[in-house]
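What the coordinates show
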Amino acid sequence: MAVTEIPSGPSALDRLSRPKPVIVLFLLMWVPLTAYVMFGQRIGPNAQTLLLPAIPATLALYVLGVRAFRESRVAVIGLTLVFFWLLMAVSAPYLPLMDPNKPVAPFATPFSERGGLFFWLGTDFKGRDMLSRMIWGCQRVLVWGVTATMVAYVVGAMFGLISGYLAGWWDEIISFVANVLLSFPVMVLFIVILNYLGPSGFNIVVAVTFASAPAIMRIVRGLALDIKTRDYVYAAQTRGEHPLYIMIFELLPNVRGPIIVDACLRLGYTTVAITTLTFLGLGLQPPDPDWGLMIRESAKTAMLWKFSYMLLVPALAVSSLILGFNLMADGLREMSLRD
Amino acid sequence: MLKLILRRLVQMVLIMAVSSLLLFAIFDTPEFKKRLAVQELGGFAVSALTEESYKSWLAARGLDVPFYQRYANWVGNILSGDLGFSYEKNRPVGPLLADRLANTGILAFFVFALMIPLSLILGILAGMKEGSLQDRSISFISVLTTSIPEIASAILLTVIFALGLGWLPVKSAMIGGFSFRELILPVLTLVIYDFGYVARMTRASMAEVMTSQYIRTAILKGLPYRRVVMRHALRNALIAPFTLIVLQLNWLLSGVVVVEVFFEYDGFGKLLLEAALFPDVEVVQACTLVAVAVAVLSQIISDIGYTFLNPRIRFA
């Protein structure tokens, strides 16, 4: 009997060499925005030129998104809300806004004029323009929220694939650690971690990873357990591929669907968590504008009907962003059930 | 079944031991000791303190002993029922925690009393006729309310009902004793955030049951629709929501932190946050133990309930 040659699969390099336009556009939007928020102060006054390529990329990404989601009206509404804030985040330095950190006229109510300046949304107790603070405030929430969710996904998916595919001892150990972390109420975990590390954006990423990765790991593990008995996985095993190759190129692309829906929901949770933690004094720090900080600062001074706009503006802003993520998740789930 | 419960309880004790040891190690770092000193003596006094007198302060507080020794002592105390002492509030942790837990318990009671009927009724109404206008509007409302985080709904409710209309008090500190009016806003805030999630899960479970064979048979043999829903569908449709509602207990312990801080309600969440910021180690420890116990116990209850309600499922 002749020995039949086992056909070799596409190499890892082949699989990586065709980047999709969505990914390119996302990176074009995301890398400058993240760099601007994280290192803008170190770069200096010219930092805003970083954001120039991000503005068209955001618009193009939105058009692509609407075309992909057009079957579901809910998803398009959600996408529009999210991209409205993304566009605000990347174009904030170019918009005709006042300096968000400069005190101008304290306690100016919305639609009022003070000293020749018109305030659409009024000013806060220090006299900083609310409209400008609201728009600048979305930058940090978006950057840290999405970064934290992505890191949590990388960690969670990695452990999920390992424990689902390799099983055995790996599974026992990883599952036990995940169970330990999952049996803490989320807020307790956040408070303990951030209190230990100190409040900052990077530490929020760490805290969110600890809180979300176990749940993500469980989802990915379940999916991997299901998928690893498929024929294409056996084929790859027969070819003698490395387990790492199988996990990344055979399993990971095929667990993508359910994960994307969950990621949208989790982006919403992370946004809630960041805003809440910042309100509690454990998250982002002043003076840069942030929705949670705006609530924290005004909650002490603005408990009057006349000044309630100081609380309402950030509260509505954060709700609209979270609504956007949730509607997107809803629409995506609906679409995935349809086919 | 008994074996499963025992395994879970052993796991709970193990998790408690691991987490409390970790917490002890965390709060043993020099920075935390320094922070405690600053809280007690004042920042200026600490900076003026000599190395010697700082050491004697540590010794007086019992903080100079290695943490594993303190941990062993603490475990011994816990087992004999002594939860430790709060530096910040200057009273034993046991009664303090009991007080605050009772307050949070009152809050939780009203949240559940309101949330369970509301979410179940809405979920059943939506799931009965999948895709109808009724379903679409209920689903939209539940997505909308779950999208408003507690901090935002707390603000909206306060601005409308306390600042605008003046019907309810702004804060719920309960200075003049227990007052039901002060409880309304915190309860509503938590209910608004949570009911949408449970309603959606109830809807999904109901919708699944409504497409099953026995419901079709019941409808085809001419039973009144009301009767089909009440007698046939609900029994199976409510199993999943029941377990979910029990698990909401765990969520509530996280959710109350921000609500209690915003409304200045003296409960478990506010105690935990204040203790963590102070840093009041033994209070944080006790709170964590309670939180882990609630989490694991609610899981066990939900598992038992699930088995009890659904005879098809039997655990090994």
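Worth saying up front: this structure is predicted, and the values here are computed from it rather than measured.

This part is about the overall build of chain B. From N to C terminus, chain B includes 14 helices and 2 strands. Against the globule reference of 20 Å for 316 residues, chain B gives a C-alpha radius of gyration of 25 Å, more extended than a compact globule. Oriented by its inertia axes, the alpha-carbon framework of chain B measures out at about 90 × 55 × 30 Å. Buried positions account for 37% of the 316 residues belonging to chain B. When contacts within chain B are restricted to residue pairs at least 6 apart in sequence, long-range pairs at least 24 apart make up 72% of them.

Once that is clear, we can look at the overall build of chain A. Helix and strand counts for chain A come out as 13 helices and 2 strands. Considered along the principal axes of its C-alpha atoms, chain A spans approximately 95 × 40 × 40 Å. Split into buried and exposed, the 339 residues of chain A put 45% on the buried side. Looking at chain A alone, contacts between residues at least 24 apart form 70% of all its contacts between residues at least 6 apart.

On the chain A side, the residues contacting the 34 residues of chain B number 32 residues. When its residues are assigned to classes, the side of chain B that touches chain A shows 28 nonpolar, 6 polar and no charged.

Attention now goes to the nonpolar core. In globular proteins that are soluble, nonpolar side chains generally tend to be buried together. Formed by 160 residues in total, the largest nonpolar core has its most connected members in Phe190 and Ile191 of chain A together with Leu272 and Cys287 of chain B. If you tally residues by element for this core, the top one is helix α5 (residues 130-166) of chain A, at 16 residues. Once residues within four sequence positions are removed from consideration, Cys287 of chain B is found in contact with Phe268, Leu271, Leu272 and Ala275 of chain B. Counting 10 residues, the second largest nonpolar core, distinct from the first, contains Met128, Met206, Met210 and Ala237 of chain B.

On to unusual backbone geometry, then. Phi is positive for Ala167 of chain A, close to 50°, though the residue is something other than glycine. Within the fold, Ala167 of chain A resides in the loop between α5 and α6 (168-182). The residue Glu264 of chain B is not glycine, and still its phi comes out positive at about 55°.

The next subject is helix α7 (residues 186-197) of chain A. In this model, α7 of chain A (12 residues) spans 16 Å end to end at C-alpha, consistent with the 16 Å of a helix rising 1.5 Å per residue. Along α7 of chain A, the positions that sit buried rather than exposed are Val186, Met187, Val188, Leu189, Phe190, Ile191, Val192, Ile193, Leu194, Asn195 and Tyr196 of chain A. Residues of α7 of chain A that are buried make contact with α8 (201-227) and α11 (256-280) of chain A together with α1 (2-26), α12 (239-263), α13 (268-277) and α14 (281-309) of chain B. Just past α7 of chain A, the residue Gly198 of chain A takes up positive phi, approximately 95°.

Residues and elements named next belong to chain A. Looking at the secondary structure, you find Arg230 in the loop between α8 and α9 (231-239). Among the residues examined, Arg230 registers 13 C-beta atoms within 10 Å and is labelled partly exposed. Each C-alpha atom, one on Arg230 and one on Leu251, is 9.8 Å from the other, the two residues being 21 residues apart in sequence.

Helix-helix packing: each pair is described by the crossing angle between the helix axes and the interaxial distance. Residues and elements named next belong to chain A. It is at 11 Å that the axes of α8 and α11 come closest, and there the two elements cross at 160°. In terms of axis orientation, α8 runs roughly antiparallel to α11. Along this stretch, α8 crosses α11, giving a crossing that reads as right-handed. The segment α8 lies against α11, with Ile204, Val208, Ser212, Ile219 and Leu223 engaging Pro258, Ile259, Asp262, Arg266, Thr270, Ala273, Ile274 and Leu277.

Per-residue confidence for chain B averages 83 on the pLDDT scale, and 97% of its residues sit at or above 70. Within chain B, the element-level pLDDT minimum falls on helix α3 (residues 43-48) of chain B, averaging 72, and the maximum on helix α6 (residues 93-128) of chain B, averaging 90.

Time to look at the environment of Lys3 of chain B. Residues and elements named next belong to chain B. Its place among the elements puts Lys3 in helix α1. Note on Lys3: 9 C-beta atoms within 10 Å, which makes it exposed. Considering only alpha carbons, one finds Lys3 and Ile26, 23 residues apart in sequence, at a separation of 34 Å.

Here α13 of chain B lies mainly inside the structure; 8 of its 10 residues are buried. Among all positions of α13 of chain B, only Phe268, Gly269, Lys270, Leu271, Leu272, Leu273, Ala275 and Ala276 of chain B are buried. At its buried positions, α13 of chain B is contacted by α7 and α11 of chain A together with α6, α12 and α14 of chain B.

Cut-offs and rules
Residues numbered from 1 in each chain as written. Chains lettered and ligands numbered in written order. Predicted model: local features only at pLDDT ≥ 70, side-chain atom pairs only at ≥ 80, totals over all residues. Helix = DSSP H or I, 4+ residues; strand = E, 2+ residues; numbered from the N terminus. Rg over C-alpha atoms; globule rule 2.2 N^0.38 Å. Buried ≥ 20, exposed ≤ 12 C-beta atoms within 10 Å, placed from the backbone. Contact = placed C-beta atoms within 7 Å. Nonpolar A, V, L, I, M, F, W, Y, C, P; charged D, E, K, R; others polar. Core = buried A, V, L, I, M, F, W, Y, C linked by C-beta atoms within 7 Å. Expected span 1.5 Å × (residues − 1). Axes fitted to C-alpha atoms, helices over the stretch in contact; angles between N-to-C directions. Parallel < 35°, antiparallel > 145°, perpendicular 65-115°, else oblique. Left-handed = near helix turned anticlockwise from the far one by under 90°. pLDDT = per-residue confidence, 0-100.

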